[in-house]
Amino acid sequence: MSEKRLNAHITIMAALSVTVILSLMCACIKSALDCYYNTQIKEACMLSVEAAFSSYHNDMLNEYDIFLLEDTDRIEARIEKYVEKNLSSCGKDISLLGINVDNIERMADKGGIHLKKEIAQYMQYEIYGDILGISQQSQAELEKSQKVQEITDDITECEEMLWDADMKTLRLIELVDGIETTETGIVIRRGEPVAVSDYFVKSAVNGTVSKEAVYVDEDKVYKSVSASQPGYIDVSKILDDMYEDAEGITEDMKDSGDISSYADFYKKNYGMLKAVIDGGIDKTEEALKLLGEYEDAKTGAKDKLGNCAEKVISYRDILGDELQKGLLEDIEIIRQDNQTDKKMLCNVEELTTALERNKVVLYGVRDIINELDEELSYSNRQEIMALVVKCRQSLYGLSAKGMKIDYSQIDFNADSSGLSAIKKVRQMITDGILALVMDTDNISEKTITYGDLATSMSGKYDENISVADAIKEDALMNEYLMTRFKCFTDYLEESANDADCLDYTLEYILCGRDSDKENLKQTMLELSGIRTGMNMAYLITDQNKKAQALTLATSALGFTGNMALIKGGQYLIMSIWAYGEAVMDMRDIYAGKKIKLFKSKESWKLSLEGLLNMRFESDKEADNEGLDYKGYIRMLLLMESAEHKNYRTMGAMELRMISMGHENFRMKNYIVSAKGEAVFRISGRKQVYVQEMGCSYI
């Protein structure tokens with residue numbers, strides 16, 4: 001019996017063991033089958049997405065080595081077809097339930113970051129060191145030019161502020177002394193100052209009119225105003241006449257018509273008195289307002305000069321010692337003269353006090369005059385006589401003391417034009433820069449006739465990478481543009497392709513205008529800014545040329561006696577002179593020649609006389625050393641924002657594709673990466689299988 005029990009135990013154990021082994025084998029088989037299905041699904045999805053992305057745009061690849069895929073609603077269908085085909089070897093064990101591609105990155109997204117990434121990956125990194133060296137050199141030179149131009153613009157702006165302040169003192173001459181002025185100075189005809197035809201602060205004189213009474217030392221000014229209308233008016237004489245008009249009416253006249261003649265004279269005299277007092281009040285208030293604005297302008301110029309000096313100090317490493325020293329010395333001269341009123345046309349503080357004093361007097365007199373506005377009659381003659389006496393007493397405080405204007409700096413033999421002539425030269429250069437630099441007949445007339453280009457798009461470029469990587473990508477991007485696109489000087493030796501939408505695509509990438517001519521002009525203006533800054537850096541260190549500019553500024557602005565204004569005018573002249581020299585530089589650059597970055601006495605071409613007469617001539621040849629036109633294009637590319645550069649590059653690529661027959665090609669319709677998921681059902685399984693998938697050209 002015990003023997004039978006033992007055999008039964010062995011049988012049960014054996015059965016259990018076999019069951020376990022069979023279960024393990026089944027599990028292994030199922031696991032292996034799952035791995036097989038999993039591998040098949042992954043491979044099918046990967047190959048299918050890559051197959052879909054293999055339909056990239058061939059012409060874009062051939063022309064620009066850029067991969068992109070047209071974004072259509074057939075992508076999912078295409079991937080689904082490829083997946084089913086790739087899974088056909090599995091029979092009916094695996095079935096595709098659906099595909100969803102919902103994470104697509106388009107070429108035009110995120111400020112064009114994908115374009116820049118593709119370009120950076122394409123470029124050969126072994127040449128990066130050489131590119132970076134060129135980029136860093138250009139960056140340093142560009143930075144110096146920009147800083148000089150920035151400081152020059154600040155000093156010129158100070159000149160404008162000081163000129164605005166001095167213009168207010170010129171206007172004060174008109175308001176206070178009754179002499180016509182314009183923005184160029186006192187109006188002078190045939191050697192004589194021209195008087196205004198309106199009232200002015202000194203129109204009302206309380207007593208006999210004389211040079212001493214009106215505090216005018218200059219004979220020509222006094223004679224001109226005296227001979228004008230209304231000129232100087234003795235208000236005490238008018239009051240005397242009004243008193244006599246009232247006093248002349250006697251009792252025996254009250255019932256006769258004789259009183260009307262006295263009333264008429266009284267009315268006429270009252271009108272003259274009221275007009276001169278009201279006019280004096282208006283001009284006094286206007287003058288006080290101007291004086292307040294004058295002080296504001298002086299304060300603004302002071303603050304601007306202080307900030308300018310701080311900039312120069314902070315830019316020392318960029319500017320160099322010699323240039324920094326020259327700038328600081330000139331800024332200090334302007335600053336010191338701006339803080340004082342020496343040699344000014346008038347003493348601002350004394351004039352303000354005198355105007356405030358007279359304002360109180362004139363307001364008091366006007367109140368009394370308003371009471372005198374009556375029809376003179378026998379019944380009110382005594383009241384009017386009393387008011388006239390009261391008015392006389394109120395006028396005792398009226399005086400021109402403290403309102404003397406210094407005309408010793410004025411040359412009455414010639415009408416000064418200030419700096420208007422030199423400013424016109426600058427405007428003429430800007431307006432006609434194309435014709436000054438080159439023969440405009442050689443400029444392409446091509447114009448874009450297509451809309452909806454990437455150039456018009458905008459988007460924020462936000463790349464979270466290190467500074468070193470950003471510099472690397474910028475350098476590679478710029479070098480790519482230089483090798484793939486053409487500029488004006490490329491057509492000096494080769495003919496343009498008539499099929500191309502534009503010829504100057506580098507200029508288009510820089511400026512984004514609709515025509516070759518507009519892009520060329522805008523590029524020229526930007527290039528002139530670089531050359532102007534570099535030329536200005538030299539002028540600041542050339543004492544002879546600085547002296548010439550100072551002489552011209554003194555002749556134009558010396559009548560003001562304001563050295564701060566004259567010094568600011570000197571910098572304005574120098575900046576326009578540097579601009580004119582930039583035109584000479586660009587003539588060589590656009591002719592395909594090279595010029596040195598920084599000027600010397602030997603290489604400077606334009607005389608100040610030639611600038612003023614718009615004669616851009618020189619017998620000096622180009623150095624043919626330094627940078628050519630493309631070198632400056634590289635510098636301008638460094639200044640351009642990533643967003644603008646990326647979108648305009650896309651626009652240039654779109655134009656090329658259009659010229660090749662792809663008229664509807666637009667970058668916004670093409671993708672560089674896509675992600676999604678595919679859902680499968682496996683035979684004999686209840687749950688579904690989800691596989692992530694994706695592909696990217698970057």
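Before reading further, recall that the structure is shown in the block above.
Report follows, based on the coordinates. Only a predicted model underlies this, so the values are computations on that prediction, with no experimental measurement involved.

This next bit is on the overall build of the protein. For the protein, the helix and strand inventory stands at 23 helices and ten strands. Counting every position in the protein, which comprises 698 residues, the buried fraction comes to 48%. Taking contacts inside the protein between residues at least 6 apart in sequence as the whole, the part at least 24 apart equals 79%. Per element, the accessible surface of the protein, about 33,400 Å² overall, is 48% carbon and sulfur.

For the rest of this paragraph, the subject is the environment of Ile 318. Residue position: Ile 318 is located in helix H10 (residues 316-319). By relative accessible area, Ile 318 is classed as partly exposed at 25%. Considering only alpha carbons, one finds Ile 318 and Lys 144, 174 residues apart in sequence, at a separation of 5.6 Å.

Here helix H18 (residues 516-541) crosses helix H19 (residues 543-557) at 90°, and the two axes come no closer than 5 Å. Judged by the angle between their axes, H18 and H19 are roughly perpendicular. Across the interface between the two elements, Tyr 538, Leu 539, Ile 540 and Thr 541 from H18 touch Gln 543, Lys 545 and Lys 546 from H19.

What follows concerns the side chain of Gln 570. Relative to the elements of secondary structure, Gln 570 occurs in helix H20 (residues 563-589). Setting aside its immediate chain neighbours within four residues, Gln 570 contacts Lys 546, Ala 549, Leu 550 and Ala 553.

Before going further, it helps to examine the environment of Thr 649. Structurally, Thr 649 can be placed in helix H23 (residues 642-659). Owing to a relative accessible area of 0%, Thr 649 belongs among the buried residues under this scheme. C-alpha of Thr 649 to C-alpha of Leu 481: the two residues are 168 residues apart in sequence and 8.0 Å apart in space. Not counting residues within four places of it along the chain, the set of residues in contact with Thr 649 comprises Leu 115, Met 477, Leu 481, Phe 485 and Ile 509.

Overall, the coordinates contain 14 aromatic pairs when judged by the stated rule. Considering the side-chain rings of Tyr 122 and Tyr 480, the 6.3 Å spacing of their centres and the 85° angle between planes classify their relative orientation as edge-to-face. In this pair, Tyr 122 is assigned in helix H4 (residues 113-122) and Tyr 480 in helix H16 (residues 467-484), connecting sequence segments 358 residues apart. Judged by relative accessible area, Tyr 480 falls into the buried class, the value being 0%.

Next up on the list: the environment of Asn 442. Along the chain, Asn 442 turns up in the loop between helix H15 (433-437) and H16. For the pair Asn 442 and Leu 492, spaced 50 residues apart in the sequence, the C-alpha separation amounts to 9.4 Å. Residues within four places of Asn 442 in sequence aside, it is in contact with Phe 488 and Tyr 504.

Bringing the pairing of strand S10 (residues 688-696) into the picture now. Here strand S9 (residues 670-682) pairs with S10 via nine bridges, running antiparallel. Bridged to Val 679 within S10 is Val 690. Adjacent in sequence and paired antiparallel, S9 and S10 are bridged by five residues, among which Gly 684 carries a positive phi angle near 85°.

This brings us to a nonpolar patch on the surface. On the surface, a cluster of nonpolar side chains totalling about 240 Å² of accessible area is made up of Leu 97, Val 688 and Val 690. Turning to its location among the elements, Leu 97 is positioned in strand S2 (residues 94-106).

Our next topic: the packing of helix H8 (residues 235-247) against helix H9 (residues 259-314). Closest axis-to-axis distance for the H8/H9 pair is 9 Å, and the angle between their directions is 155°. Our classification of the angle between H8 and H9 gives roughly antiparallel. The crossing of H8 and H9 is left-handed. Only Tyr 262, Phe 265, Tyr 266, Asn 269, Tyr 270, Met 272, Leu 273 and Val 276 of H9 make contact with H8, whose side of the interface consists of Val 235, Ile 238, Leu 239, Asp 241, Met 242 and Asp 245. Across the contact of H8 with H9, the residue classes break down as eleven nonpolar, one polar and two charged.

This brings us to empty space enclosed by the protein. Think of a ball as big as a water molecule: rolled over the atoms, this probe shows where empty space is left. Enumeration over the complete set of coordinates arrives at three cavities of 30 Å³ or more. The volume enclosed by the second largest cavity comes to roughly 50 Å³. Val 49, Phe 53, Ile 75, Ile 79, Val 101, Ala 674, Lys 675, Gly 676, Met 693 and Gly 694 together form the lining of the second largest cavity. Contributions of two or more residues to the lining of the second largest cavity are made by helix H1 (2-53), helix H3 (75-86), S9 and S10. The element best represented in the lining of the second largest cavity is S9, accounting for three residues. Here the lining of the second largest cavity is composed, by residue class, of seven nonpolar, two polar and one charged.

This model, assessed by the stated rule, comprises 31 salt bridges. The shortest N-O distance in the salt bridge between Arg 484 and Asp 65 comes to 2.4 Å. In this pair, Arg 484 sits in helix H16 while Asp 65 sits in the loop between helix H2 (58-64) and strand S1 (69-70), placing the two residues 419 residues apart along the sequence. The exposure class assigned to Asp 65 is partly exposed, which follows from its relative accessible area of 25%. Here Lys 304 and Asp 154 are joined by a salt bridge, their closest N and O atoms 3.6 Å apart. Of this pair, Lys 304 sits in helix H9 while Asp 154 sits in helix H5 (residues 128-177), placing them 150 residues apart in sequence. A residue is classified by how much of its surface remains accessible, and Asp 154, at 8% relative accessible area, is buried. Salt bridges sharing partners connect three or more residues here, namely Glu 150, Asp 154, Lys 304 and Lys 311.

Next up on the list: the nonpolar core. Ile 66, Leu 520 and Tyr 590 are the most contacted members of the largest nonpolar core, which has 132 residues in total. Counting residues per element, this core draws most heavily on H20, at 13 residues. Residues within four places of Leu 520 in sequence aside, it is in contact with Leu 434, Met 438, Ile 443, Phe 488, Tyr 504, Glu 507, Tyr 590 and Tyr 629. Formed by 37 residues, the second largest nonpolar core is a distinct cluster that contains Leu 175, Val 214, Ala 297 and Leu 355.

As a further point, take unusual backbone geometry. The step from Gln 229 to Pro 230 runs through a cis peptide bond, and the omega angle for that step is 5°. Its place among the elements puts Pro 230 in the loop between helix H7 (219-226) and strand S8 (233-234). The residue Lys 110 is not glycine, and still its phi comes out positive at about 55°. Along the chain, Lys 110 falls in the loop between S2 and H4. If you check the backbone angles, Tyr 215 has positive phi at about 55° while not being a glycine. Exposure remark for Tyr 215: the relative accessible area of 29% places this residue in the partly exposed category.

The rules behind these values
- Residues numbered from 1 in each chain as written.
- Predicted model: local features only at pLDDT ≥ 70, side-chain atom pairs only at ≥ 80, totals over all residues.
- Heavy atoms only, no water.
- Helix = DSSP H or I, 4+ residues; strand = E, 2+ residues; numbered from the N terminus.
- Buried < 20%, exposed > 50% of the residue type's maximum accessible area, 1.4 Å probe, protein only.
- Contact = heavy atoms within 4.5 Å.
- Areas by Shrake-Rupley, 256 points an atom, 1.4 Å probe, with all protein chains shown as cover.
- Axes fitted to C-alpha atoms, helices over the stretch in contact; angles between N-to-C directions.
- Parallel < 35°, antiparallel > 145°, perpendicular 65-115°, else oblique.
- Phe/Tyr/Trp six-rings, centres within 6.5 Å; stacked < 30°, edge-to-face > 60°.
- Pairing = 2+ DSSP bridges.
- Patch = residues over 30% accessible without salt bridge, like charges linked within 9 Å, V, L, I, M, F, W, Y side chains within 5 Å.
- Salt bridge = Lys/Arg side-chain N within 4 Å of Asp/Glu carboxyl O.
- Left-handed = near helix turned anticlockwise from the far one by under 90°.
- Nonpolar A, V, L, I, M, F, W, Y, C, P; charged D, E, K, R; others polar.
- 1 Å grid on protein atoms, 1.4 Å probe; cavity = no way out; pocket = protein on both sides within 12 Å on 5 of 7 lines; lining within 4 Å.
- Points joined across faces, edges and corners; volume = space filled by probe spheres on them.
- Core = buried A, V, L, I, M, F, W, Y, C linked by side-chain atoms within 4.5 Å.

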